[in-house]
Amino acid sequence: MKVLGIESSCDECAAAVVEDGVRILSNVVATQIPYHAAYRGVVPEIASRKHTEWIYDVCAAALRDAGLESARIDGVAATGRPGLTGSLLVGLGFAKAFAYARGLPFVSCDHILSHLYAAQFVQPPPAYPFLGLLVSGGHTLICRVDSFDAIDVLGGTVDDAAGEAFDKVARHFGWGYPGGKFVDALAAGGDAEAFDFPVARLARKGRRCDVSYSGLKTAVVNQLEQFRRRGAPGHIHPPDIAASFQKAAVETLLGALSNAVEDTGIATVVSGGGVAANSYLRERLFRLAGVRCIFPPPELCGDNAAMVAGIGYQYLSRGMTSPLTVAPAARVKAFQRR
Ligand code: KG4
Ligand code: ZN
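None of these values were measured; they are calculated from a predicted model.

Calculation notes
Numbers given for residues are sequential positions, taken from 1 along each chain in its written order. Throughout, the order in which chains and ligands are written sets their labels, letters from A for the former and numbers from 1 for the latter. Since the coordinates come from a predicted model, pLDDT governs what is reported: local features require at least 70, and pairs of side-chain atoms require 80 or more to be given and counted, while whole-chain, interface and lining totals use all residues. Calculation of side-chain values draws on the structure's entire complement of heavy atoms; hydrogens and water are dropped beforehand. Only runs of H or I of at least four residues qualify as helices and only runs of E of at least two qualify as strands under DSSP, and these elements are numbered from the N terminus. Multiply 1.5 Å by the residue count of a helix minus one, and that product is the helix's expected span. Relative accessibility decides the category of a residue: with a 1.4 Å probe and only protein chains considered, values under 20% of the type maximum give buried, values over 50% give exposed, and everything between is partly exposed. Note that the arc is defined by the directions from the helix axis to the C-beta atoms. The criterion used for residue contact is that any of the two residues' heavy atoms lie within 4.5 Å. The rule for a residue being near a molecule or strand is that one of its heavy atoms must lie within 4 Å of it. Side-chain atoms alone can form a polar contact between residues adjacent in sequence; in general such a contact is a pair of N or O atoms within 3.5 Å, and within protein one must be able to donate a hydrogen while the other accepts it. Accessible surface is estimated by sampling points in the Shrake-Rupley manner with a 1.4 Å probe; for residues, cover comes only from the protein chains shown. All residues other than Ala, Val, Leu, Ile, Met, Phe, Trp, Tyr, Cys, Pro, Asp, Glu, Lys and Arg, Gly among them, are scored as polar; the first ten of these are nonpolar and the last four charged. One side-chain nitrogen of Lys or Arg within 4 Å of one carboxyl oxygen of Asp or Glu is enough to make a salt bridge. Working definition: rings of Phe, Tyr and Trp (its six-membered ring) pair if their centres are within 6.5 Å, and the pair is stacked with planes under 30 degrees apart, edge-to-face with planes over 60 apart, and tilted otherwise. Ligating atoms shown are N, O and S within 2.8 Å of the metal, or 3.2 Å for Na, K and Ca, and water is not included, meaning a site may look less than complete. Irregular is the default label, applied whenever a site is not tetrahedral (four donors, all angles between 85 and 135 degrees) and neither square planar nor octahedral (four or six donors, opposite donors over 155 degrees apart, all other angles between 65 and 115). Structural elements are reduced to axes, namely lines fitted to C-alpha atoms, with helices fitted over the stretch in contact, and the angle between N-to-C directions of any two is expressed from 0 to 180 degrees. Helix crossings fall into two classes, left-handed where the near helix is turned counterclockwise from the far one by less than a right angle and right-handed where it is turned clockwise. As used throughout, domain bounds are those supplied by an automatic or database domain assignment. Take the accessible area each of two parts loses on contact, using a 1.4 Å probe, and add the two losses: that sum is the buried area. In short, DSSP must find at least two bridges between two strands for them to pair.

A. Up close: helix H5 (residues 162-173). Given a rise of 1.5 Å per residue, 12 residues ought to cover 16 Å, and the 17 Å separating the end C-alpha atoms of H5 matches this to within 8%. Within the span of H5, buried status applies to Ala162, Gly163, Ala165, Phe166, Val169, Ala170 and Phe173. For H5, the angular spread of the buried residues around the axis is 160 degrees, confining them to a single face. Buried residues in H5 make contact with strand E6 (130-135), strand E7 (140-147), helix H6 (180-187), helix H7 (214-229) and helix H8 (238-264). Two residues or fewer after H5 comes Gly174, characterised by a positive phi angle close to 70 degrees.

Set out below in structure tokens:
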């Protein structure tokens, strides 16, 4: 069964064709980063406008790359929540129209579940249950994953998302947008022991698997202010700041994750989301004693439509569809399935 997947929850306009939930026939991602860079953050109005301009061509490119006529598609899946409402509306609306015009089954998918599905493209795919570590610009979540459609949230961030912390620090220092990959690259040439930035320990107060990033972000930003007050910004060695921040940010996650492993007895961790592309996080997770860690390939960590077409197949092949009246939702309170 060949499923066309569409993803437009934020600033990537993406379409992909996946066969039987496992074989990626095409995977097109058109990034809007240059259009938002001047604002150093995603501007929702620009995002939905660009999706509207691009969605047809991106879907056509996904079909072309897969070597398929639209008549050869067997089902359509699109991200329906959570995300920017105006952006979601474009991909979801296009998917519904495509499905309606071709008389195809259609399903609306959850973005979080889709990110957690991305590791199913790794060979051999991780067996359920496993622990999910979803770290992106909008989400930070540690969960028990029992199937493509069933997760139990064990913890999350009480303030900023992991990627948001990377982005805010990079923005403050003017390293580039979006910040994660710039921090990652800078840190490679820095000393992670140069600064002793705080690793949040929430276990005593909150849930054992919660994390917090606001204290770390403030500490890093204050470091720059201290240099400025001393009138010695020339002494700032950006790679040292990046490496020390990255170490604390990753150790924050590792602490909560270790608690999740201890509490559940599950020692397989599957990561996903843009921050899962971080080289230091990958290295530390691979070295974590007693834990087997699985990452999607870097191109499937960030927003993409292959993960949507993949999870979409799981629903559609079971006869689980969404009505064409389904509306996008910016947030989800609890995990609804479809
Ligand atoms: O999953 P994603 O593409 O979009 C959301 O659903 O949010 O994640 C984007 C986030 C951004 O915050 C970006 O800075 C971060 O992922 N990111 C990274 C790296 N590459 C992307 N963070 C740390 N290291 C990276 N190499
Ligand atoms: Zn995402």
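B. Quick look at the site of ligand 1. The full set close to ligand 1 counts 20 residues, and Gly137, Asp167, Gly180, Asp184 and Gly274 are the nearest of them. In this structure, Gly274 approaches ligand 1 through a main-chain N or O atom, which is 3.0 Å from an oxygen atom. Out of a free accessible area of 560 Å², ligand 1 has 85% covered by protein chains. Of the residues belonging to the shell around ligand 1, the class tally is 4 nonpolar, 12 polar and 4 charged.

C. Summary view of the pattern of salt bridges. Inspection of every chain in the model, using the stated rule, returns 15 salt bridges. One salt bridge in this structure joins Arg23 and Glu19, with 3.6 Å as the shortest N-O distance. For Arg23, a relative accessible area of 41% gives the class partly exposed. Here the salt bridges share partners, and the residues they tie into one network are Lys2, Glu19, Asp20 and Arg23.

D. Broad picture of the packing of aromatic side chains. All told, the structure shown has 9 aromatic pairs when counted by the stated rule. Plain terms: the ring middles of Phe166 and Phe245 are 5.0 Å apart, the flat faces sit at 75 degrees to each other, and that makes the pair edge-to-face. Placement of the pair is Phe166 in helix H5 and Phe245 in helix H8, with a sequence separation of 79 residues. Phe245 shares its class with Phe166; the two are buried. Consider the rings of Phe286 and Phe295, whose centres lie 5.3 Å apart with planes at 65 degrees: the pair is edge-to-face. Residue Phe295 is classed as buried on the basis of its relative accessible area, which comes to 7%.

E. A look at the coordination of the zinc ion (ligand 2). Distances from the zinc ion (ligand 2) to its protein donors, His111 (NE2), His115 (NE2) and Asp303 (OD), fall within 2.0 to 2.1 Å. Around the zinc ion (ligand 2) sit 4 donor atoms, and with donor-metal-donor angles ranging over 93 to 139 degrees the site reads as irregular. We note that the donor set of the zinc ion (ligand 2) lies within a single chain, spaced as H-x3-H-x187-D. Of this pair, His115 sits in helix H4 (residues 111-117) while Asp303 sits in the loop between strand E10 (292-294) and helix H10 (306-316), and the two are 188 residues apart along the sequence.

F. Region of interest: unusual backbone geometry. Cis geometry marks the peptide bond from Gln123 to Pro124, where omega comes out at -5 degrees. Tracing the backbone shows Pro124 in the loop between H4 and E6. Of note in the backbone geometry, Asp20 takes a positive phi value of approximately 50 degrees without being a glycine. The topology assignment puts Asp20 in the loop between strand E2 (12-19) and strand E3 (23-31).

G. Just the packing of helix H2 (residues 44-65) against helix H3 (residues 85-102), in detail. For the pair H2 and H3, interaxial distance at closest approach is 9 Å and the crossing angle is 35 degrees. As for the relative orientation of H2 and H3, their crossing is right-handed in sense. Each of Ala47, Ser48, His51, Thr52, Ile55, Tyr56, Cys59 and Leu63 in H2 lies in contact with H3, whose residues at this interface are Gly86, Ser87, Val90, Gly91, Phe94 and Phe98. Residue composition of the contact of H2 with H3, grouped by class: 8 nonpolar, 6 polar and no charged.

H. View of the domain arrangement of the chain. Partitioning the chain into structural domains gives domain 1 (2-116 + 301-337) and domain 2 (128-295). Using C-alpha coordinates to define each centre, domain 1 is positioned 27 Å away from domain 2. At the interface, 21 residues of domain 1 touch 23 residues of domain 2. Approximately 1800 Å² of surface area, both sides summed, lies buried where domain 1 meets domain 2, with 72% of it carried by carbon and sulfur atoms. When the buried area of domain 1 at its contact with domain 2 is split by residue, Arg40, Leu116 and Cys301 rank highest and sum to 37% of it. Taken together, the connections running from domain 1 to domain 2 amount to 0 salt bridges. For the pair domain 1 and domain 2, the number of links is 4 residue pairs in polar contact (both at pLDDT 80 or more). Elements represented by at least two residues in the side of domain 1 that touches domain 2 include exactly helix H1 (33-37), H4 and H10. A per-class count over the side of domain 1 that touches domain 2 returns 12 nonpolar, 5 polar and 4 charged.

I. Layout of the sheet that holds E6. Ordered in space as E8-E7-E6-E9-E10, the 5 strands form an open sheet in which the pairing is mixed. Two strands bound the open sheet, and with one partner strand each, they are strand E8 (150-156) and E10. For this sheet, the mean angle separating the axes of adjacent strands, direction not counted, is 25 degrees.

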